[in-house]
Each structure stands twice: as structure tokens, then as C-alpha cells.
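# A look at the structure
Each chain, letter by letter, is given below.
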Amino acid sequence: MKITYYGQSCFLFEIGKNRVLFDPFISPNELASSINVDDIKADYILLSHGHQDHVHDAEQIAKNNNATIVANFEITTWYGNKGIKNVHPMNTGGKVTLPFGTVKMVNAIHSSSLPDGSYGGTAAGFVVETENQTFYYAGDTALTYDMKLIPEQFDVDFALMPIGDNFTMDIHDAMIAADFVQVEKVIGMHYDTFPYIAIDKEEVMEVAKLADKELILLEIGQTIEL
Ligand code: NI
Ligand code: MN
């Protein structure tokens, strides 16, 4: 699968013929000024929680592409009221099989309100099991023992984890999380967008190396194949 990074916690996955976008926060992100939201093609938009830095461009991209928003019930209802026709509501612990794979919504320890202050349900992560690979998108979360449940049910190939500290795990907790999930390869997210979550890239790479993990920090706009 191909993975393109659009900054903060936003990634586009190209899985077979399907284009799956996570947590689009692009147009307000100064670090992502080279990315034009209207150029992004997506079939599905998965939202981990309702915070602005995860959903800001979801409405526009959904409308541009007639994409389906997959999120918790409160968030999909909110988008339904905004005129988004294609939504798939879920809640923590549930799973759904979509054309690109099976998506399980898993626990995240975080809060969730929508940009206008509406209740956003609880924050979540996703485990996505595709034909060839399984990955864990942690969303915004603290380190939690709940992560140990994931390898009991899935053989995870790689994980996307927040490393920016302050609002989520830092790199040290993310490395423990990687052990909990039993994964060697971690794509870092949720760092550098705001001063609160600025990181020292050399330092985090060193921490990952000492933890015997492969940490991947993508440039914004960069695409990799995994
Ligand atoms: Ni958040
Ligand atoms: Mn966030």
C-alpha cells in the first residue's frame, strides 16, 4: 500500500483501488501549505475524534469526492447534519468490513468535542486489516494497557502513533505502546504542528533506535510504499 503524509495526523492510504484518508487537518496547517486540499482524492475518510486538528478539512474533501466519513456515531451525525450523505457510524469495539479491509474502532484515552463545541463522543483509534497488511492508527491517545488487547486479535505490521507529547503520548510512551501492540515499525504523527508539540527529530530517532524500533517520520507530501 502507498501512504502519503499531509501533516499532523493526516495520512492518505492507497489500498488497491481505494483511497482512505485519516484525520484531515491541512488547510490551517502552515507546515502543509504546499498541499492543496482540493487535489486530494479520497473514497473514505476515517476520523479518530472530533478535534479541529483532526477534522478541519473532512467536510470539504468529503463533498469534493462524495467520500464516506467513517467515525463514531456523534461525529457522523454531526456531518450528516452538514449535508454529508455518505457516512458510516461506528463506536468503540465495533468493526465493519469495507471494500479496502476490515476496520475495528479501538479505545483511545483522549477527549473529543467537535469544532463548534458539540459533543464528539469518545476518542478512538482504528485497526485496519487489509488483504496484505494490518496496521494500527492510534489517533490521539495516552499510553494505555488496552493496547495489549490488539495483538491478541491482530498481527499488526506497523502502527501510526502520536509522539508530540503534551496532548498525547511522547516518543518514550509510543515505544512502550509499540511493545504492547507487538510492532517493530512505527510511523510518527501529531508533532511539530504547534509549539506545544514541537519535537527534536534527532532525539526521537535516537530514542526509537535505543528501543529497537524503526521510527518513520515522513516529510509533508511524501509518499512511501509499505
Ligand atoms: Ni485531539
Ligand atoms: Mn490532536
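Below is a short write-up of the structure. Residue numbers here run from 1 along each chain, matching the order of that chain's written sequence. In the order they appear in the text, chains get letters beginning with A and ligands get numbers beginning with 1. Residue-level local features of this predicted model are given only where pLDDT is at least 70; pairs of side-chain atoms are given and counted only at 80 or more, and the full residue set underlies all totals for whole chains, interfaces and linings. Derived side-chain values reflect all non-hydrogen atoms in the structure, with water molecules and hydrogen atoms excluded from consideration.

### With respect to the overall build of the chain
Rule in force here: Strands here mean DSSP runs of E at least two residues long; helices mean DSSP runs of H or I at least four residues long; both are numbered from the N terminus. All radius of gyration figures rest on C-alpha atoms, and the globule criterion is 2.2 Å times the number of residues raised to 0.38. In this scheme, a residue with accessible area under 20% of its type's maximum is buried, one over 50% is exposed, and one in between is partly exposed, where area comes from a 1.4 Å probe on protein chains only. Here, two residues are considered to be in contact whenever any of their heavy atoms come within 4.5 Å of each other. Accessible surface area values rest on a Shrake-Rupley calculation with a 1.4 Å probe, where residue burial reflects the displayed protein chains alone. In this count, Lys and Arg are taken as positive residues and Asp and Glu as negative ones, while His and the chain termini are left out. For this purpose, a charge sits on NZ of Lys, CZ of Arg, CG of Asp or CD of Glu.
Within the chain, the regular secondary structure consists of six helices and 14 strands. What you see for the chain is a C-alpha radius of gyration of 16 Å, in line with the 17 Å of a compact globule of 226 residues. With respect to the principal axes defined by its C-alpha atoms, the chain has extents near 50 × 40 × 35 Å. Counting only residues that meet the buried cut, the chain has 56% of its 226 residues in that class. Taking all contacts inside the chain whose residues are at least 6 apart in sequence as the whole, residues at least 24 apart take part in 59%. For the chain, the accessible area works out to roughly 9900 Å², and carbon and sulfur atoms hold 46% of it. In the chain, 14 positive and 32 negative side-chain charges are present, and the distance between their average locations comes to 8 Å.

### Structural notes on the coordination of the manganese ion (ligand 2)
Condition: Only N, O and S atoms count as donors, using a 2.8 Å cut-off from the metal and 3.2 Å for Na, K and Ca, and because water is excluded some sites may appear unfinished.
Coordination sphere of the manganese ion (ligand 2), protein contribution only: D53 (OD), H54 (NE2), D140 (OD) and H190 (NE2), at 2.1 to 2.2 Å. Within one chain, the residues donating to the manganese ion (ligand 2) are spaced in sequence as D-H-x85-D-x49-H. The metal-metal distance between the manganese ion (ligand 2) and the nickel ion (ligand 1) is 3.0 Å, with D140 coordinating both. Of this pair, D53 sits in helix α1 (residues 52-55) while H190 sits in the loop between β12 (185-189) and α6 (201-210), and the two are 137 residues apart along the sequence. Given the relative accessible area of 13%, D53 is considered buried. The class of H190 is buried, set by a relative accessible area of 1%.

### A look at the pattern of salt bridges
The test is simple: Any carboxyl oxygen of Asp or Glu that lies within 4 Å of a side-chain nitrogen of Lys or Arg is treated as forming a salt bridge with it.
On inspection of all chains with the given rule, the structure shows six salt bridges. Ionic pairing is found between K185 and E214, a salt bridge with its closest N-O pair at 3.9 Å. Of this pair, K185 sits in strand β12 while E214 sits in strand β13 (residues 214-216), and the two are 29 residues apart along the sequence. One connected set of salt bridges, linked through shared partners, spans E59, K63 and K82.

### Looking at the coordination of the nickel ion (ligand 1)
Let me state the cut-off plainly: Only two sets of limits are used to name each site, 85 to 135 degrees for every angle of a tetrahedral four-donor site, and over 155 degrees for opposite donors with all other angles from 65 to 115 for a square planar four-donor or octahedral six-donor site, with any other site named irregular.
Coordination sphere of the nickel ion (ligand 1), protein contribution only: H49 (NE2), H51 (ND1), H110 (NE2) and D140 (OD), at 2.2 to 2.3 Å. With four donor atoms in place around the nickel ion (ligand 1) and angles of 87 to 178° between them, the coordination shape is irregular. In the primary structure, the donors to the nickel ion (ligand 1) are separated according to the pattern H-x1-H-x58-H-x29-D. A relative accessible area of 25% means that H110 is categorised as partly exposed. D140 sits in the buried class, given a relative accessible area of 1%.

### Examining the pairing of strand β1 (residues 2-5)
Test applied: At least two bridges found by DSSP between two strands are what make those strands a pair.
Pairing between β1 and strand β2 (residues 11-15): four bridges, direction antiparallel. The residue bridging T4 from the neighbouring strand is L12, located in β2. Hairpin connection of β1 to β2: five residues between the antiparallel strands, including G7 at a positive phi of 95°. Relative to strand β14 (residues 223-225), β1 runs antiparallel, the two sharing three bridges. In the sheet register, I3 faces β14, and the bridge partner there is I224.

### Considerations on helix α2 (residues 58-65)
Three or four residues apart is the spacing at which side chains of an α-helix point the same way, because the helix has 3.6 residues per turn. What counts here: Throughout, the arc means the angular range of directions from the helix axis out to the C-beta atoms.
Among the residues of α2, those classed as buried are A58, I61 and A62. Taken end-on, α2 shows its buried residues confined to a sector of 100°, consistent with a single buried face. Considering only its buried residues, α2 is in contact with β3 (18-22), β4 (44-46), α1, β5 (68-72) and α3 (73-81). Just past α2, the residue N66 takes up positive phi, approximately 55°.

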